[in-house]
Amino acid sequence: MAQSLQLFTAPNGSFSSVTHSGNTHAHLPSSKLSFSTPPNSFALSLRPSTSSLPRRHVSTADWSPTSIEVDAVTEAELRENGFRSTRRTKLVCTVGPATCGFEQLEALAVGGMNVARINMCHGTREWHREVIQRVRRLNDDKGFAVAIMMDTEGSEIHMGDLGGASSAKAEDGEIWTFSVRAFDSTLPEHTVNVNYEGFAEDVKVGDELLVDGGMVRFEVIGKIGPDVKCLCTDPGLLLPRANLTFWRNGSLVRERNSMLPTISSKDWLDIDFGIAEGVDFIAISFVKSAEVIHHLRSYIAARSPNSDVALIAKIESIDSLKNLEEIIQASDAAMVARGDLGAQIPLEQVPSAQQRIVELCRQLNKPVIVASQLLESMIEYPTPTRAEVADVSEAVKQGADALMLSGESAMGQYPEKALAVLRSVSLRIERWWREQKYHETIEHPSIGTSFSENISEEICNSAAKMANNLEVDALFVYTKTGCMASLLSRCRPDCPIFAFTTTPSVRRRLNLQWGLIPFRLSFSDDMESNLNKTFSLLKARNLIKSGDLVIAVSDMFQSIQVMNVP
């Protein structure tokens with residue numbers, strides 16, 4: 001029999017009854033509602049907004065403000081502008097030569113960076129280790145909670161490192177050589193390496209070669225042994241290790257790419273590095289099937305049984321789209337990598353593919369990042385194009401959990417300004433989203449696979465709806481695994497979600513999900529004690545005040561409580 005939970009509201013706005021499973025009802029006075037079922041079931045308790053929790057005497061040492069940890073930027077926002085000021089959409093910044101120093105990283109953190117991405121396509125492992133150490137020191141010394149994402153290179157066809165140069169300009173009409181040869185000395189002028197040994201055999205004269213998803217285009221005009229001569233037809237900037245695709249008669253040539261493994265030998269070494277360094281997320285490039293994610297998860301469990309690194313599937317190929325739902329189900333999160341995706345499907349199909357991926361991730365309760373070329377012009381210019389602002393706005397409207405800067409923050413001239421644009425646009429569109437009451441139209445299918453999961457899901461759905469109807473100031477969720485916090489985020493409530501967890505790694509992972517403000521806090525299984533402690537600690541830091549209305553849920557025992565801060 002399907003299990004269900006329904007809350008009914010009395011005319012005066014108080015809660016008067018609950019229905020659970022086989023038409024079992026409990027009718028209680030509107031001042032208080034409680035319902036309990038046998039073990040394996042749930043307990044629901046609701047308190048009216050006018051009540052306050054009984055206070056217990058606790059020593060001053062137990063209530064020290066330093067015993068609760070919250071991101072410094074979010075804390076400042078809450079103090080200055082209140083609950084409604086908080087940004088819900090999370091921001092990911094790729095760290096590169098322009099932002100790898102401690103001061104630059106701190107500037108990004110102050111600007112709202114939630115996740116720092118290191119791209120294993122570029123730089124040495126020692127360089128990446130130094131970046132990770134700086135981010136960790138930044139968190140420890142400055143009170144931030146920036147998570148770290150490691151992005152694998154993948155085994156698709158790509159260029160070499162341009163002989164150490166940061167970039168090279170390809171002009172219209174120039175002849176360039178793409179070669180699989182290993183050069184002992186400096187690369188000849190207008191020459192780039194290709195990592196795939198069969199490249200010269202596979203391409204044909206007349207093929208169109210796209211660099212980095214079409215940022216630069218060439219036409220193959222000749223082949224001489226291991227060298228392929230190409231005419232530049234669309235000029236642009238060549239970046240080290242940029243992805244290469246080639247088209248023939250209007251269709252993508254993908255047979256060789258389909259035969260390449262998703263995770264290369266270099267990727268496996270990079271993954272070992274990421275596990276050893278304790279990164280929070282590993283993003284897997286060019287995922288073709290769920291099997292790859294399952295295999296990697298088993299590998300990580302064998303290498304580091306205590307590791308809780310989350311796996312992000314990058315959706316950037318035709319194969320990814322063909323197996324989209326199974327890939328997202330197997331992953332902890334997904335990334336819409338529009339640059340490479342746009343090189344494999346017609347450009348006009350990219351927006352609809354993005355919307356499909358975002359919607360599916362929302363339904364399956366998986367965080368989703370929209371990435372690639374969000375503010376591409378800001379690599380060189382201090383202001384974005386209006387079209388780029390519209391693109392960012394659309395991603396926020398679709399409900400993406402996070403937006404990601406790539407070259408804009410890694411090597412751009414204005415990384416802080418680019419981040420400020422993402423932040424201001426996100427805040428404005430989120431405010432519009434709330435003004436339009438967009439949350440009222442959102443319905444998601446059930447995803448629970450067990451009785452307990454179904455109950456947790458119903459609890460979170462009900463808590464989010466109550467939060468919107470009662471216009472509460474914040475939702476509190478006490479979670480050891482992050483599951484209940486994630487379910488609340490999926491509901492996209494109108495108010496911010498304060499997610500309290502005891503584990504630093506869980507706190508950092510929650511920093512990727514929409515609307516969550518993750519706190520680190522030691523708590524017990526006594527919900528009343530947890531709430532009293534939380535209220536006191538947050539009031540001591542001027543983050544909440546007496547009279548604020550909150551709804552609290554917990555994954556330790558399934559319940560909903562509504563109350564004013566005493």
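Numbers given to residues run from 1 along each chain, matching the order in which its sequence is written. Owing to the predicted nature of the model, reporting of local features is limited to residues with pLDDT of at least 70; listing and counting of side-chain atom pairs is limited to 80 or more, with chain, interface and lining totals taken over all residues. Side-chain measures here rest on the full set of heavy atoms in the structure, leaving out hydrogens and waters.

Undergrad: Quick question: what am I supposed to make of the sheet that holds strand β23 (residues 402–405) here?
TA: Strand pairing in a sheet relies on backbone hydrogen bonds. The paired strands run either parallel or antiparallel. Strands are labelled as partners when DSSP assigns at least two bridges between them. The helix count covers DSSP runs of H or I at least four residues long, the strand count covers runs of E at least two residues long, and both are numbered beginning at the N terminus. An order of β7-β8-β9-β19-β20-β21-β22-β23 is seen for the 8 strands of this closed barrel, with the pairing classed as parallel. Taken over all neighbouring pairs, the strand axes of this sheet differ in orientation by 25° on average, direction set aside. Here strand β8 (residues 115–119) runs beside strand β9 (residues 147–151); their pairing, made up of 5 bridges, is parallel. What sits directly across from valine 115, in β9, is alanine 147. Between two residues, a contact is recorded if the distance between any of their heavy atoms is within 4.5 Å. The axes used here are C-alpha line fits, helices contributing only the stretch in contact, and every angle between their N-to-C directions lies in the interval 0 to 180 degrees. Against the sheet, helix α3 (residues 125–142) touches β8 and β9, its axis set at about 175° to β8.

Undergrad: Just to check I follow, could you spell out the nonpolar core for this structure?
TA: When a protein is soluble and globular, its nonpolar side chains tend to lie buried together. Throughout, nonpolar core names a set of buried Ala, Val, Leu, Ile, Met, Phe, Trp, Tyr and Cys residues whose side chains join them through atoms within 4.5 Å. Categorising residues by exposure relies on relative accessible area from a 1.4 Å probe, with only protein chains included: less than 20% of the type maximum marks a residue as buried, more than 50% marks it as exposed, and the intermediate range marks it as partly exposed. In this structure, Ile282, Leu375 and Leu403 are the most contacted members of the largest nonpolar core, which totals 71 residues. Beyond its immediate chain neighbours, meaning those up to four positions away, leucine 375 contacts Pro384, Glu388, Val392, Leu405, Glu408, Ala418, Val421 and Leu422. Counting residues in each nonpolar core, the second largest holds 27 residues, with Leu162, Ala200, Val211 and Leu238 among its members.

Undergrad: In this structure, what is going on with the packing of aromatic side chains? I would like to understand it.
TA: A ring pair, where both rings are aromatic, is described by two values, the distance of the centres and the angle of the planes. Aromatic rings from Phe, Tyr and Trp, with only the six-membered ring used for Trp, were paired whenever their centres fell within 6.5 Å, and each pair was classed as stacked if the ring planes differed by under 30 degrees, edge-to-face if by over 60, and tilted otherwise. Counted under the stated rule, the structure contains 13 aromatic pairs. Relative to phenylalanine 500, the ring of tyrosine 478 has its centre 5.0 Å away and its plane inclined at 20°; by these criteria the two rings are stacked. Residue tyrosine 478 is found in strand β24 (residues 474–478), and its partner phenylalanine 500 is found in strand β25 (residues 497–501); the two are separated by 22 residues along the sequence. Take phenylalanine 500: its relative accessible area is 0%, and that puts it in the buried class. Here the aromatic residues Phe83, Phe476, Tyr478, Phe498, Phe500, Phe519, Phe523 and Phe535 are joined through ring pairs into a cluster of three or more. Only when the NZ atom of a Lys or the CZ atom of an Arg is both within 6 Å of the ring centre and within 35 degrees of the ring normal do we say a charge sits over the ring. One residue, arginine 137, lies across the ring of phenylalanine 102, its end atom 4.1 Å from the ring centre. Positioned above the aromatic ring of tryptophan 432 is the side chain of lysine 397, whose terminal nitrogen or guanidinium carbon lies 4.9 Å from the ring centre.

Undergrad: So what exactly am I meant to see when it comes to the packing of helix α12 (residues 386–398) against helix α14 (residues 415–435) here?
TA: A pair of packed helices is captured by two measures, namely the crossing angle of their axes and the spacing between those axes. It is the contact of α12 with α14, at a shortest axis distance of 9 Å, that shows an interaxial angle of 50°. It follows that α12 is oblique to α14 by the angle criterion. Read as a crossing pair, α12 and α14 show a hand that is right-handed. Residues Val389, Val392, Ser393, Val396 and Lys397 of α12 lie in contact with α14, whose contacting residues are Leu422, Val425, Ser426, Ile429, Glu430 and Trp432. Basically, the charged four are Asp, Glu, Lys and Arg, the nonpolar ten are Ala, Val, Leu, Ile, Met, Phe, Trp, Tyr, Cys and Pro, and anything else, Gly included, counts as polar. Looking at side-chain class alone, the contact of α12 with α14 contains 7 nonpolar, 2 polar and 2 charged residues. Oblique is the label for every angle not falling under 35 degrees (roughly parallel), over 145 degrees (roughly antiparallel), or within 65 to 115 degrees (roughly perpendicular). Left-handed describes a crossing whose near helix is turned anticlockwise from the far helix through less than a right angle; right-handed describes the clockwise counterpart.

Keep in mind that these numbers describe shape and distance, not what the molecule does.
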